[in-house]
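# Descriptive analysis of the structure
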Amino acid sequence: MGGTGQRRRTPAESRPTRLTRRGRILTRTAVAFAVLILGVAGVGAWIYQDLDDNISAADLDNKLGEDRPTNLSPGSKNILVVGSDSREGANAKYGKDLTTMQSDTLMVLHVPANRKWATVVSFPRDSWVEISTCDKGDGTTSAPHHAKINEAFAIGGASGKVAEAAACTIKTVEANTGLRIDHFMSVDFQGFKGMVNALDGIEVCPEQAIHDEKARLDLDAGCQTVKDEEALGYVRARYSVGDGSDIGRIGRQQEFMQALAEKAQSKLTSPNSLYDFLQSATKSLTTDKDLAGIKPLYSLASEVKGIPSEKLTFLTVPNYPREADVATDKANIVWQYPQAAGLFTSLAEDKEVDKKELQADAKDLIYTSSVRVRVLNGTGVTGRAAAVAGQLREAGFTVVGTGNALDTTRTTTVTYPQGLDEQAKVLTSRLPDARAMQQTDAAAGVVTLVVGTGLDLDDIR
């Protein structure tokens, strides 16, 4: 049996805490910052400096290129947060076929200029997106291609350098969302294990036994305390638990994080435990240069802490199984448009997102593959219609033909017949600055795209 055994539970502990979705995501975000707040409260100057020196800085200068989204809301901040682990040293046994750095959690925290609300957007790791061309850190670069979004961290981290891994992830997130990323934070799993051990383990209560060879985990059902490799295995386990989905694992990780945060709070009166906990936390943390220190991190945490709970919005990018567009792909999800584009645009313009409205809109699901598109070249540049058609096919659209427009135009337009309004919105939302209009003489069942000279192929999402 794993752990330290079962014990009798008090009435208040008769069952594991069941968190709402909002609560689970809030917990994950709160843990990232709560550690930093604890780190400067009531510690001596030498400890402050000691912890400050632990935090690693990733030098992203000259790694992100010039072609980046414009900051449309000066004063606001977009912070990319990654839960990561390398495959070197103690982490190697968790993935024999994985030799690069891996990202397990990916989210963006948007803090507006007025600091009166905030939004956290989670990106499922199985999101099928275009990975940007990236410096692999070994003198070579990767070609742009479609894959799971977490592959960006692995490609950039091929040489084991967090800066390259961060840069590739930032470039990919920016290209697919249009959001300008201002800061970056990465927390390594080995540091997570140290935090758990400093608190003498965390109690978990699996309803069913967990026997997961890949996660090196063997636990019986029931309440027990886990630490060391068992703690890592518990948050890594996927295929042998529940329905085997990554969504289930995310929920288990979030509940574990809540328990860890609560226990850390209870250890504030134990200097030794608190010091060990903060040592592990700060040693596992890598940020961009501007955030690399207790003082700037504490300042950021204080800004988030001051936002009323009812003004904290926690979202996952609207999505659906990619199998709906590509029958053979049963492993990935794709973002739902135009809802995803609307979410990203709101944050880029520093507008508060109405969660209920977004969820209501997401119920009107239009699969990308159901949008039949004819692409016409209005640029006068040979081959432009074929190039755009290829990108649209990669994105899942059904391209029914290509050709030349009657005239050259700068403006990209989308025309459609009556009844295809929603399909036209799906296409238009993937094309920056495109205009859509209904036409009475438009071909039935088809949305027509006229590519203008103002459309940059790299801007197609």
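All of the points below concern the structure found in this document. What you see is a predicted model, and the numbers here were worked out from it, not measured in a lab. Every chain's residues receive numbers from 1 upward, in the order its sequence appears when written. A pLDDT threshold of at least 70 governs which residues receive local features in this predicted model, and a stricter bar of 80 or more applies before side-chain atom pairs are shown or counted, although totals over entire chains, interfaces and linings include all residues. The basis for every side-chain value is the complete set of heavy atoms in the structure, and neither hydrogens nor water enter the calculation.

### Describing the overall build of the protein chain
When helices and strands are counted, the protein chain shows 13 helices and 20 strands. Only protein chains enter the accessibility calculation, which uses a 1.4 Å probe. A residue is then buried if its area is under 20% of the maximum for its type, exposed if over 50%, and partly exposed in between. Every one of the 461 residues in the protein chain was classed for burial, and the buried ones make up 51%. Accessible surface, the protein chain as shown: approximately 21,300 Å² in total, 48% of it carbon and sulfur. Here a strand is any run of E in DSSP of at least two residues, a helix any run of H or I of at least four, and the numbering for each starts at the N terminus. Values of accessible area rely on a 1.4 Å probe in the Shrake-Rupley scheme; residue burial ignores everything except the protein chains shown.

### A few points about the sheet that holds strand β17 (residues 398–404)
Overall, mixed pairing links the five strands, which are arranged β17-β16-β20-β18-β19 in an open sheet. The open sheet terminates on both sides in strands that have one partner only, identified here as β17 and β19 (435–438). Between one strand axis and the next, the sheet turns by 20° as a mean value, whatever way the strands run. When strand β18 (residues 413–416) meets β19, the two strands line up parallel, connected through four bridges. By the bridge assignment, Val414 is partnered in β19 with Ala436. We call two residues in contact when some of their heavy atoms are within 4.5 Å. Every axis in this analysis is a line fitted to C-alpha atoms, fitted for helices over the stretch in contact. Angles between the N-to-C directions lie between 0 and 180 degrees. The sheet contacts of helix α12 (residues 384–394) involve β16 (372–377), β17 and β20 (447–451), and relative to β16 the element is tilted by about 155°. Along the sheet, helix α13 (residues 421–428) makes contact with β16, β18, β19 and β20, crossing β18 at roughly 165°. For two strands to count as paired, DSSP must find a minimum of two bridges between them.

### A closer look at the nonpolar core
We define the nonpolar core as a collection of buried residues of types Ala, Val, Leu, Ile, Met, Phe, Trp, Tyr and Cys that are connected through side-chain atoms lying within 4.5 Å of one another. Within the largest apolar cluster, 66 residues are counted, with the highest numbers of intra-cluster contacts made by Leu80, Phe123, Trp335, Val375, Leu392, Leu427 and Leu449. With sequence-adjacent residues up to four places away left out, Leu80 is seen in contact with Leu106, Met107, Val108, Thr169, Ile170, Val173, Ile181, His183, Phe184 and Met185. Formed by 46 residues, the second largest nonpolar core is a distinct cluster that contains Val120, Phe189, Val226 and Tyr234.

### Observations regarding the packing of aromatic side chains
Two rings from Phe, Tyr or Trp (for Trp, the six-membered ring) form a pair when their centres are within 6.5 Å of each other. A pair whose planes differ by under 30 degrees is stacked, one over 60 is edge-to-face, and the rest are tilted. Taken as a whole, this structure holds five aromatic pairs when the rule is applied. Consider the rings of Tyr234 and Phe256, whose centres lie 5.8 Å apart with planes at 40°: the pair is tilted. Within this pair, whereas Tyr234 is found in helix α6 (residues 228–236), its partner Phe256 is found in helix α7 (residues 246–266), the two being separated by 22 residues in sequence. Across the pair, Phe256 and Tyr234 agree in class, each one buried. One aromatic cluster is present, formed by Phe123, Trp335 and Phe344 through successive ring pairs. Our definition puts a charge over a ring when NZ of Lys or CZ of Arg is within 6 Å of the ring centre and also within 35 degrees of the ring normal. Above the face of the Tyr337 ring, Arg430 is positioned so that its terminal group lies 3.9 Å from the ring centre.

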